[in-house]
Structures are given as structure tokens and as C-alpha cells.
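Reading the structure
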Amino acid sequence: MPVNLKGRHLLTLKDFTPEEIRYLLNLSSDLKAKKRAGIRGNLLDRKNICLLFDKTSTRTRCAFEVAAFDEGGTVTFLTNSQMGKKESIEDTARVLGRYYDGIEYRGFKQSTVEELAKYSGVPVWNGLTDRYHPTQILADFLTVMEHVDKPLNKIKFVYVGDARNNMGNSLMIGAAKMGMHFVALAPKTLWPEEALVEEMKLVAKETGAVIELSEDVASVDGADVLYTDVWVSMGEEHLFEERIKMLKPYQVNMDMVKKTNNENVIFMHCLPAFHDNMTEVGAQIEEKYGLSEMEVSDEVFRSKHSVVFDEAENRMHTIKAIMVATIGNL
């Protein structure tokens, strides 16, 4: 049965079947090949897209803008709206839905993107909330498909670090949907919440996935993918000292890479990464805590195992697929 995603929201991958996710990944691959061949697109011709941002961004904004322009769409980047200040989320959604064919939201509460979807009347895409980051997971899985010579349902995917943040949640959801062996490697206090784990274990029974939670670094053995994210998310900067103490043993370094016993293991990170001290925040961390590297060593970040910039590029191709599939002229 053909997949049709016209008019659909993307709020979390929980709402999508494995077949629908696979369709988006294959469409992403096709659109990537089209761009690299220099073929000018028109699948978003006369489509107007609003990018509504409450959080800072590099990849998400750029990926949405370039993806839209590539296929003939136009975008408005909106960071100073009245939403939540002088105007309710509902009223903002109703207004924006009159102007635009699709709305992307990047911000804090998952309830905000859900309310936008409820009242806008047009597809709404989650560009990141505190709970989920679905567009990133599609880019991650496309990157795995390109670099690991195995089907997704044969992949052992190890996420290391703060496993109860939006990336830990979303990668577990995606892995469960696609039948992967997913390991959340973290201190127990930073494991995903129990209700979400149990929900994904039910999904895993249908897809053949394995959901594993571990505090033991030895669980990286046999990994095809090592993935990490920052130890402190936006808005949690006051937790730096606590998180450093908790997560230093879980830094992705060459010792951990060797423990995979897989010379072809790939390293992934959604970026930005604190792999050196060449940023204002990195320099402050080194001065205060004596660490020039945090969640990943510079050696691993720059090594043959690292595919982080292929992964970053794929944000554009998968986001393009989401917009084309839900509002495009297919």
C-alpha cells in the first residue's frame, strides 16, 4: 500500500509507522541525489513556510531554509512573535495557518508544538523541543544507512551520556520503530523515563527491536554506532558541575571506541559538540572545571570513525523530504 503523508504533522516519530519512516528516508536519499546532480526542484513551488524559533539554532534553521529554497519554496524566519506574550499559542496558530502552508517550531515545551498543530490547520513540524527532536533522528538514520553496510534492523546503536534528554528519547523511539538493538548507556538517574521505555518495549515486540539500559561501558561491545550529545542541554547550564562528575566516565574517547571491538564503528553527534575549547563556552568550562573536552574527545571527533558532518548535511535532505511529503507537489 503506497505511503501518503500529505497534511501530516511531525511532532514525534511515535506517530509514524516503520513503513512511513522508511518512506521518508528513501525520499531523503532520492532528494539528496537530485541536489547533487544539480537538478533544480519545484516540489515546494508556491509553498510558504514559517520557521518559528524560541531557541537558537544553526543546523535546523539553515536546513529548513535551504531545503525550502531548493524546491522553490519561500520562508519566514520568526523569532520575535507575540506568541505566549501578548497572544496565545492558539491564536498565533490560527493566524499563521492563514498565511502559511507549513509551520516549523523549535523551542521548549512539547505542548507548544502540539497546540500549534491542533489549531493551525496546516502541517506542523517539530524542529526540537525539550522532549523530542524527530527531524534529527531521520538525519541520523539516513547517515547510518550510508555508512554501515547493514539494514537498520541489524544495527546495534549505543547512545552514551544524558539518555533522558530529547535525543535519548527520540533515538530510542526511532530505534524501536526500525527494529534496532538500542542501548542507553548512562548513569541510572539519567536513563529515559520508565513510561517511555515500557512504551517502546511494546513497539519493539512488533518490530524485533531490543531496548537495553545500562550503566556498564562494556555494553558498547559490538556497537555499529556510538552516539553522544552535550552533557547539559539548553536551559540547564547551572547543572554543569553535577553532570561533569556523573558523565565523565561516559566520555566517548578512543578507549571506548576500542571497547566496541569494531574497527568500522561510526561516531555520531547532533552538534554542537564540546570536543575542544575553541568556543566561548568551551573556554569557560576549561577555566572553571579544567576540562578541554567533554562528551567526546577531540581525537574521536576528528577521527576516521566520525561522520558528524555527513550527519549535519543530512539534516537538510531529511527535512526537505518531510516538507515535500507533507505539503509538496508530489
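The text that follows walks through the structure, step by step, so that each part is easy to find. (Residues numbered from 1 in each chain as written. Predicted model: local features only at pLDDT ≥ 70, side-chain atom pairs only at ≥ 80, totals over all residues. Heavy atoms only, no water.)

**As for the overall build of the chain**
Of the regular secondary structure elements, the chain holds 12 helices and nine strands. Its C-alpha radius of gyration of 19 Å places the chain within 12% of the 20 Å reference for a compact globule of 330 residues. Across its three principal axes, the chain shows a C-alpha extent of roughly 55 × 45 × 40 Å. Counting every position in the chain, which comprises 330 residues, the buried fraction comes to 57%. For the chain, restricting intrachain contacts to residue pairs at least 6 apart in sequence, the fraction spanning at least 24 positions comes to 76%. Total accessible area on the chain is roughly 14,600 Å²; 48% of this is exposed by carbon and sulfur atoms. (Helix = DSSP H or I, 4+ residues; strand = E, 2+ residues; numbered from the N terminus. Rg over C-alpha atoms; globule rule 2.2 N^0.38 Å. Buried < 20%, exposed > 50% of the residue type's maximum accessible area, 1.4 Å probe, protein only. Contact = heavy atoms within 4.5 Å. Areas by Shrake-Rupley, 256 points an atom, 1.4 Å probe, with all protein chains shown as cover.)

**Thoughts on the pattern of salt bridges**
As enumerated under the stated definition, the model contains 17 salt bridges in all. With a shortest N-O distance of 2.9 Å, Lys320 and Asp70 are connected by a salt bridge. With Lys320 in helix H12 (residues 308-327) and Asp70 in helix H2 (residues 59-70), the pair connects residues that are 250 residues apart, well separated along the chain. Of the residues examined, Lys320 reaches a relative accessible area of 1% and is grouped as buried. We note a salt bridge from Asp162 to Arg164, for which the minimum N-O separation is 2.5 Å. Given a relative accessible area of 26%, Arg164 falls into the partly exposed group. The network of salt bridges with shared partners includes Lys35, Asp70 and Lys320. (Salt bridge = Lys/Arg side-chain N within 4 Å of Asp/Glu carboxyl O.)

**Here's the deal with unusual backbone geometry**
The linkage connecting Leu271 with the following residue, Pro272, adopts the cis geometry, with an omega of 0°. By the element assignment, Pro272 lies in the loop between strand E9 (266-269) and helix H10 (280-289). Look at Leu128: it is not a glycine, yet its phi comes out positive at around 150°. Considering the arrangement of structural elements, one finds Leu128 in strand E4 (residues 124-128). At Asn261, a position not held by glycine, the phi torsion is positive, near 55°. Summarising the element assignment, Asn261 is placed in the loop between helix H9 (254-259) and E9.

**Digging into the side chain of Asp140**
Tracing the sequence through the fold places Asp140 in helix H5 (residues 134-147). Here Asp140 sits buried without a salt bridge, and the closest side chain of opposite charge, Arg315, lies 7.0 Å off (N-O distance). (Lys, Arg positive; Asp, Glu negative; His and termini not counted.)

Geometric descriptors of this kind do not, in isolation, establish any biological role.
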